[in-house]
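Residue-level listing of the chains:
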Amino acid sequence: MIILGLTGSIGCGKSSLSNILKDNNIDIIDADIISRKIFEDEKLLDLVFEQFGDSIKNKDGSLNRKALGNIVFNDDNKLIELNSLTHPKIKEKVLEEIEKVKLYNKDIVVIDAPLLIEGGYLEIVDKVLVITCNEDIQIKRIQKRDKCSKEEALSRISSQMSQKDKIKYADYVLDNSENLKELKEKTKEFLLYMKENWCG
């Protein structure tokens, strides 16, 4: 079974690509979904509150993700602190999910993770697929999706590894600067390439 790592900067269309792969009956392990679920672990939540204070706590005691996001997207050190608390838990869950997929004798499983490279997943995956796009389009997409200013969008982009640096780790690069129809076509080409070059 090939373990494919899918990554890309914010706003490049990683989720859209993931959905297309799902439509092609490929199993996706979504690190973002796992990262949201891990906050159901009360011990971890307490550690995060301890580290970042009550300003990120909702009245009902749950996590205010937006408040936490505002802190970590504007302070690299705070982002590192948060990642050091959450990454080991996320990775543990990802490995559990891989084992589950293996039971079904699948040819491929995809780990969809924005921090695939930074989070130490390169040792787990066999190949890396990086989705990219033109930066102006990237900014517009983030603004539209998150209803935020250009400055906020740029702050989110700069809090991550640059597209140029991610590409250095890629076995395949897919440019998603066009529309969804174009992305579907390029995904078809990629699946063919993968079948011919990586499978079997």
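Everything below is about the structure shown above.
Since the structure is predicted, the reported quantities are computational estimates derived from the model, not experimental observations.

Novice: Before we move on, can you summarise the environment of Ile28 with the specific residues and values?
Specialist: Summarising the element assignment, Ile28 is placed in strand β2 (residues 27-30). Spatially, the C-alpha atom of Ile28 lies 6.1 Å from that of Val109, the residues being 81 residues apart in sequence. Once you skip the residues sitting within four places of it in the chain, Ile28 turns out to touch Ser18, Leu21, Lys22, Val110 and Asp112.

Novice: Break down the packing of aromatic side chains for me, citing the residues and quoting the values.
Specialist: If you walk through the whole model with that rule in mind, you get four aromatic pairs. Taken together, a centroid distance of 4.8 Å and an interplanar angle of 65° make the contact between Tyr172 and Phe190 edge-to-face. On the criterion of sequence distance, the pair formed by Tyr172 in strand β5 (residues 172-175) and Phe190 in helix α9 (residues 180-197) is long-range, its members being 18 residues apart. Residue Tyr172 is classed as buried on the basis of its relative accessible area, which comes to 17%. Its relative accessible area of 0% is what places Phe190 among the buried residues. Aromatic side chains Tyr172 and Tyr193 sit 5.0 Å apart centroid to centroid with 55° between the ring planes, which places their arrangement in the tilted category. Taken together, the residues span a long stretch of sequence, with Tyr172 in strand β5 and Tyr193 in helix α9 at a distance of 21 residues. When its relative accessible area of 31% is taken as the criterion, Tyr193 is described as partly exposed. Members of the aromatic cluster, each reached through a chain of ring pairs, are Tyr172, Phe190, Tyr193 and Trp198. When the ring centre of Phe49 is taken as reference, the NZ or CZ atom of Lys57 above it lies at 4.7 Å. Across the ring face of Tyr121, the terminal group of Lys91 is positioned such that the distance to the ring centre comes to 5.8 Å.

Novice: Provide a residue-level description of the side chain of Ser9, including the pertinent values.
Specialist: For Ser9, the location among the structural elements is in the loop between β1 (2-8) and α1 (14-23). For Ser9, the contacting residues outside a window of four places in its chain are Ile131, Gln138, Gln160, Met161, Ser162, Gln163 and Lys166.

Conventions adopted
Sequence order sets the numbering: in each chain, residues are counted from 1 along the sequence as written. In keeping with the model being predicted, local features are shown solely for residues with a pLDDT of at least 70 and side-chain atom pairs are shown and tallied solely at 80 or more, while totals for entire chains, interfaces and linings include all residues. Working from all heavy atoms in the structure, the side-chain values ignore hydrogens and water. Numbering of helices and strands starts at the N terminus; helices are DSSP runs of H or I of at least 4 residues and strands are runs of E of at least 2. Any two residues whose heavy atoms approach within 4.5 Å at even a single point are treated as in contact. Under the pairing criterion, centres of Phe, Tyr and Trp rings, with the six-membered ring standing for Trp, must be within 6.5 Å; the plane angle then separates stacked pairs below 30 degrees from edge-to-face pairs above 60, leaving the rest tilted. Between buried and exposed lies partly exposed: a residue is buried under 20% and exposed over 50% of the maximum accessible area for its type, with that area taken using a 1.4 Å probe on protein chains only. Here, a charge over a ring is recorded when the distance from Lys NZ or Arg CZ to the ring centre is within 6 Å and its angle to the ring normal is within 35 degrees.

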